[in-house]
Structure formats: C-alpha cells, structure tokens
Amino acid sequence: MGSPRCRLIPGDYLEANMELVEREVKNHLHVSAFGHPYIAQLQRVTIVPPSLALIMEWGGDITLETLMEQHGGRLPFHMAQRIFQQLVLALDFCARLGKCNRNVNPSNIYVSMQPAPAPTSHSGAAPGMAGPSGGGSGGGGEQHSGGGVSIKLSDFSYSKDLATDSAPRTKLGIALYTAPEIVVSEPHCTYEGEAADVWSCGVLLAMMLFGQHPFMQAEPDAEELAGAAAQASCTPGGRMAIQLLVKHQMVQMMRNSLTGQLQLPASALAEQPEAVDLIRGMLCPDPTQRVHFADVLSHPWVVNSMPPAWQQLNASLLAQFSGHEGGQPLTPSHALQARQIIQTALMMHRHLKQQQQVQQGGQRGQGGGAASRLSAEGSGSSCGFGGTQSSGDNADSSSVATQ
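Small disclaimer: the values here were computed from a predicted structure and weren't measured. (Residues numbered from 1 in each chain as written. Predicted model: local features only at pLDDT ≥ 70, side-chain atom pairs only at ≥ 80, totals over all residues. Heavy atoms only, no water.)

Caption draft 1: Spotlight on the overall build of the protein. Within the protein, the regular secondary structure consists of 17 helices and 10 strands. When the 403 residues of the protein are sorted by exposure, 48% land in the buried category. Nonlocal contacts in the protein, meaning residues at least 24 apart in sequence, comprise 74% of its contacts between residues at least 6 apart. Carbon and sulfur atoms make up 52% of the accessible area of the protein, which totals about 18,300 Å². (Helix = DSSP H or I, 4+ residues; strand = E, 2+ residues; numbered from the N terminus. Buried < 20%, exposed > 50% of the residue type's maximum accessible area, 1.4 Å probe, protein only. Contact = heavy atoms within 4.5 Å. Areas by Shrake-Rupley, 256 points an atom, 1.4 Å probe, with all protein chains shown as cover.)

Caption draft 2: Focus on the nonpolar core. Residues Leu 64, Leu 75, Ile 83, Phe 84, Leu 87 and Met 208 are the most contacted members of the largest nonpolar core, which totals 67 residues. Broken down by element, this core gets its largest block of residues, 12 residues, from helix α6 (residues 193-210). Dropping the residues within four chain positions of it, Leu 64 is found in contact with Leu 75, Ile 83, Pro 106, Ile 109, Val 111, Leu 204 and Met 208. Counting residues in hydrophobic clusters, the runner-up holds 19 residues, among them Ala 40, Ala 338, Ile 341 and Ile 342. (Core = buried A, V, L, I, M, F, W, Y, C linked by side-chain atoms within 4.5 Å.)

Caption draft 3: Layout of the pattern of salt bridges. Considering all chains together, one arrives at nine salt bridges under this definition. A salt bridge links Lys 353 to Asp 12, with the nearest nitrogen and oxygen atoms 3.9 Å apart. Taken together, the residues Lys 353 in helix α15 (residues 332-360) and Asp 12 in helix α1 (residues 11-16) connect sequence positions 341 residues apart. For Lys 353, a relative accessible area of 34% puts it in the partly exposed group. Looking at Asp 12, the relative accessible area reads 53%, which means it is exposed. Between Arg 350 and Glu 15 there is a salt bridge, with the nearest N and O atoms lying 2.9 Å from each other. (Salt bridge = Lys/Arg side-chain N within 4 Å of Asp/Glu carboxyl O.)

Caption draft 4: Here's a closer look at the packing of aromatic side chains. Applying the stated criterion across every chain yields a total of five aromatic pairs. Between Phe 34 and Phe 93, the ring centres sit 5.2 Å apart and the planes meet at 80 degrees, which makes this aromatic pair edge-to-face. In this pair, Phe 34 sits in the loop between α2 (18-32) and β2 (42-48) while Phe 93 sits in helix α4 (residues 77-96), placing the two residues 59 residues apart along the sequence. Counting every residue linked through ring pairs, the aromatic cluster contains Phe 77, Phe 84 and Trp 301. Here Arg 5 stacks its cationic end above the ring of Tyr 110, 3.5 Å away from the centre of that ring. Between the NZ or CZ atom of Arg 82 and the centre of the ring of Trp 310, over which it lies, the distance is 5.2 Å. (Phe/Tyr/Trp six-rings, centres within 6.5 Å; stacked < 30°, edge-to-face > 60°. Lys NZ or Arg CZ within 6 Å of the ring centre and 35° of its normal.)

Caption draft 5: Spotlight on the packing of α4 against helix α14 (residues 313-320). Running from amino to carboxyl end, α4 crosses α14 at an angle of 40 degrees, the nearest separation of the two axes being 10 Å. Here α4 lies oblique to α14, going by the angle between them. Note on packing geometry: the crossing formed by α4 with α14 is right-handed. Taken together, the residues of α14 that come into contact with α4 (itself represented by Leu 89, Asp 92, Phe 93 and Arg 96) are Leu 313, Asn 314, Ala 315, Leu 317 and Leu 318. Here the contact of α4 with α14 is composed, by residue class, of six nonpolar, one polar and two charged. (Axes fitted to C-alpha atoms, helices over the stretch in contact; angles between N-to-C directions. Parallel < 35°, antiparallel > 145°, perpendicular 65-115°, else oblique. Left-handed = near helix turned anticlockwise from the far one by under 90°. Nonpolar A, V, L, I, M, F, W, Y, C, P; charged D, E, K, R; others polar.)

Caption draft 6: Just the sheet that holds strand β6 (residues 109-112), in detail. The strand order across the open sheet formed by three strands is β4-β6-β7, and the pairing between neighbours is antiparallel. Only two strands of the sheet have a single neighbouring strand rather than two, namely β4 (62-63) and β7 (150-153). Relative to the sheet, α4 contacts β6 and β7, its axis offset from that of β7 by approximately 30 degrees. (Pairing = 2+ DSSP bridges.)

Caption draft 7: Inspection of the environment of Trp 301 at higher detail. Positionally, Trp 301 belongs in helix α12 (residues 300-303). With a relative accessible area of 5%, Trp 301 lands in the buried category. In the structure, Trp 301 is positioned 29 residues away from Gln 272 in sequence and 9.2 Å away in space, judged by C-alpha atoms. If we skip the residues at most four places from it in the chain, Trp 301 touches Phe 77, Gln 81, Phe 84, Leu 205, Leu 209, Gln 272, Glu 274, Ala 275 and Leu 278.

Caption draft 8: Seen up close, empty space enclosed by the protein. Scanning the model with the defined rule gives two cavities of 30 Å³ or more in all. Taken as a whole, the largest cavity holds about 110 Å³ of empty space. Arg 102, Leu 172, Tyr 177, Thr 178 and Ser 200 are the residues nearest the centre of the largest cavity, which is lined by 15 residues in total. Among the elements that take part in the lining of the largest cavity, α6 stands out by supplying three residues, more than any other. (1 Å grid on protein atoms, 1.4 Å probe; cavity = no way out; pocket = protein on both sides within 12 Å on 5 of 7 lines; lining within 4 Å. Points joined across faces, edges and corners; volume = space filled by probe spheres on them.)

Caption draft 9: Seen up close, the environment of Gln 252. If you trace the backbone, Gln 252 turns up in helix α8 (residues 236-259). Gln 252 sits 37 residues away from Phe 215 along the chain, and the two C-alpha atoms are 7.8 Å apart. Setting aside anything within four residues of it in sequence, one finds Gln 252 in contact with Phe 215, Met 216 and Gln 217.

As structure tokens, then:
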C-alpha cells in the first residue's frame, strides 16, 4: 500500500476557479464518505502555501493510460474486462448519488496490479476511510481475483451534482473521450451528465479491447507514420503537416461518432460479439437512446463474469447509509467546512501575493510581518475526513476535521 497521493492546486488557479475547486472538493468528499473500493477516497484537504492540497487514497503506481502504453495500446482480455467492471461500478455509484464525472479518461484512473477487493460486510461510520498511512479500500471482506488488477477513479475536477449544481453545459474533457452531443452543442445548452460518462466508458472499453479508437480507422502503417511524424516535428513545415493530419483524423472521428459508424477491427464482431453489442449501446449517437450504467452492469458481457459480491456492492453501500437523510452521509456542515478551508487558502494566497508586491516595491516591513503571521497560523489548516487530521504542528489549533 503506497502513501497518500497529493494533488496541489496552485493559488492562481484557485483564485480564477474557486467555484470549480469547491465543487470538486464537495463532490469528492461526498463519494468518499461511502468508502467505495474503486473510488480513491479524499482523505484530507489542507493548505501548503500558496497552494491547496488534496490528499487522497493511493490508487496504484501507474495510470491506466500508462498500463495501456505498456501493452501496446491493447490490454489482455481478462484484464480489460476487470478494469471495465470496476470503473462502471464506480461511475454507477456516482450516478446513483446524482453525480456525473465528465472527465473519464485513462489518465484519471490509477491501477494497482493486485486483486480487486470486493467487500462483503462493513462496519464503522465511514468504510474505506484511512489516515495518511493508507489502508482504506472499502472495508473488510473477502477478495476476489480481479484479473490481478484493481483500479481507483481519482479525479472529480469537473464533476457535478444534479441536486446542488447547475446542469452540465460546458464543453470540456479530452476530445477522444468526449460525447458528440457535447462537442456540437450550442452555447449554454445543457446535456445529460451520466450519458456523457457512459460514452467515455464505451470509448475506453473499445480501446482497451481492440487497441484503437472506435471511431477512427486504424492505419496499417501507423508505426511508420509515427516515426515520420517524430522526424517531421523538428521543422515548421513538418509541424504544420502533423497539425493538418491530426485535424483530419479528428474530423473523421467526429463525423463517424455523430453517425454511429463504428470503425472496429473486422474480426471484432466474430471474436467478441457480446462486447461489441455492449459498445454499440454505450456509443449510441443519440444520448436519449444510450444505455445507462445500470444497463451496462446487467449486460451479459459484464455480469456473467462478475464476482457475486461485486453485483451487490453499490446497493449494499447505499443501504448501509439508509438511516441518513436521503441515504447520504454528507451533511451541509461537511460542505461548509470544505468551503472554509478553500477560502482560507485563497486568503493566504492573496496575502502572499501582497507580500511579494511589497517586497518588489522595497517595502518589506509591514507586509512581510503580516503575511508571515498568516502563513504560520494557517499552515496546519486542514479538512480531514473519517477522523483524519493534519499532521502539522498547528493541527490542534487550526485544523478542521469531520467525524
């Protein structure tokens, strides 16, 4: 088990995107409270001047993107199937809580080459929560062989909650995994968040199984083209040619995705008919006709090879918290504490910028003392989850912990 993973959010970014960061912390905090084994738990939010630090559960040594690169873009069948099952379980759980991720791609999924845990029983107020030493993975229970691999969905930077946030309308994410209705939507038009996440998962499944984007025709001389592109990138004309080639490929991909023309290998249907059927349902161009995560989990390709405990995982986690209002352990006070720590980080960032401006102007006296005192008082500020508190010297006097 590795150490907690830390994501630093620079003060300048926080200044420009406070609402976005606050939404990320709130939504990641919420899903973490359930201790889902395939979602990286957000354990603490703390201040590392001039940045905000999100301390989350260690998910593995590499990302899914790196794992796919190590296998030449195409994963072994059972590994791809297990990774997909765990990812859909994580996103279905988010959807049951009324949340969409909007940034599902292999760089935001961490992989551990260990069997995936499938908890069968839980105890305590926050299963899966762990302190800085790690150890939380969804509570106790037996382990089932997951093809020797387990994943953690780790990024909620673009997430939205249907109950508390505005409807999704922003064009964002990585183009290769973005649903077509988002790309071609008019400004200020909304879209369905779960449908967008289903599309991204469908693209990812096709790439893991077949080693190519489902809407981009594979080039027979891809390796030669890559070598030529690497050499051509050294010249202005070569770089322009590469840009035109990429633009052509993206236009082709978007045209195919809008019309539903899959570009899977000719052998795909014969080798994996159930997988292709699932991919077609997930990559339906019409989002109103696209399958939901509940449909994906009940599809024969998914459910027939899924350990029994996994099939009841999401329902059992929600049932455990059925005594809470709405079945959700997150209370308004949790969100308020997260907002307070973000506002404190922003205040520190502004004071530090003021100090720098004073120093640059040759006025180091008053500005230096005020900002230094603020830094000393706030360096231990944190919002801890599951009883975890800051390990800094000032944690007792300035930490914010949720129990």
